[in-house]
Amino acid sequence: QQQVKQSPQSLIVQKGGIPIINCAYENTAFDYFPWYQQFPGKGPALLIAIRPDVSEKKEGRFTISFNKSAKQFSLHIMDSQPGDSATYFCAARYNQGGKLIFGQGTELSVKP
Amino acid sequence: DAGVIQSPRHEVTEMGQEVTLRCKPISGHNSLFWYRQTMMRGLELLIYFNNNVPIDDSGMPEDRFSAKMPNASFSTLKIQPSEPRDSAVYFCASSKTGGASGELFFGEGSRLTVL
């Protein structure tokens, strides 16, 4: 049973485009929703995160939109660059200090 | 500061052999997680520890897998006997439980190939 569903599986955009990656969850016990970025041969690294009492969070070119009633959240990358090409994972955490459940990942390619 | 350190980075072994993966978490972190990454299944949580105590091992595939954390600075994941389907990248991550961000810091992974 997949607790965090992520789409699309892969995404190709041109430089300057705005890729959007979507995630959905079912369990209302989740209290923290981070996005991780992974480059080939490396471990995932935290990119940006949001808590369910906030509808939007922006850090630089990265924005999370959160819809608590729909149990959905998404990552937008403004003015995407070839250096943003990586695999992106959404995740959800059970209560403070609990385990982090990841979505399936989205492989993003930004073409020059 | 040093990040999460995993060893070995690469391991190639034959089916039936014992495999031991090692992890040193970030000093001061009291939660440790073992994840497995494959193309088919993505990032799966295998087990996690709080203050060296296993809290949830429901993701451990079967009895061939075992994990220990004898102290705050060391953990092992053992597979015995190994099978080809265990081939994957195994990540260790640590965090500070109760920290405001709850951020997980991942190591660079151990790539396991079982022939």
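**A short note on the layout of surface pockets**
Here comes step 1: Taken as a whole, the largest pocket holds about 790 Å³ of empty space.
Here comes step 2: Forming the walls of the largest pocket are 30 residues, and the residues nearest its centre are Gln38, Thr87 and Phe89 of chain A together with Gln37 and Met39 of chain B.
Here comes step 3: Breaking the lining of the largest pocket down by element, the ones donating at least two residues are strand S9 (86-94) and strand S11 (106-111) of chain A together with strand S4 (31-38) and strand S9 (88-95) of chain B.
Here comes step 4: Counting residues per element, the lining of the largest pocket draws most heavily on S11 of chain A, at four residues.
Here comes step 5: Classifying every residue of the lining of the largest pocket by side-chain character gives nine nonpolar, 16 polar and five charged.

**Considering the pairing of strand S7 (residues 62-67) of chain A**
Residues and elements named next belong to chain A.
Here comes step 1: Across four bridges, strand S6 (residues 56-59) lies against S7 in antiparallel orientation. By the bridge assignment, Lys58 is partnered in S7 with Thr63.
Here comes step 2: The hairpin formed by S6 and S7 contains two residues between the paired strands, and Gly60 there has a positive phi angle of roughly 60°.
Here comes step 3: As paired elements, S7 and strand S8 (residues 72-77) share six bridges and run antiparallel to each other. Along S8, the bridge assignment pairs Asn67 with Gln72.

Rules of the game
Residues numbered from 1 in each chain as written. Chains lettered and ligands numbered in written order. Predicted model: local features only at pLDDT ≥ 70, side-chain atom pairs only at ≥ 80, totals over all residues. Heavy atoms only, no water. 1 Å grid on protein atoms, 1.4 Å probe; cavity = no way out; pocket = protein on both sides within 12 Å on 5 of 7 lines; lining within 4 Å. Points joined across faces, edges and corners; volume = space filled by probe spheres on them. Helix = DSSP H or I, 4+ residues; strand = E, 2+ residues; numbered from the N terminus. Nonpolar A, V, L, I, M, F, W, Y, C, P; charged D, E, K, R; others polar. Pairing = 2+ DSSP bridges.

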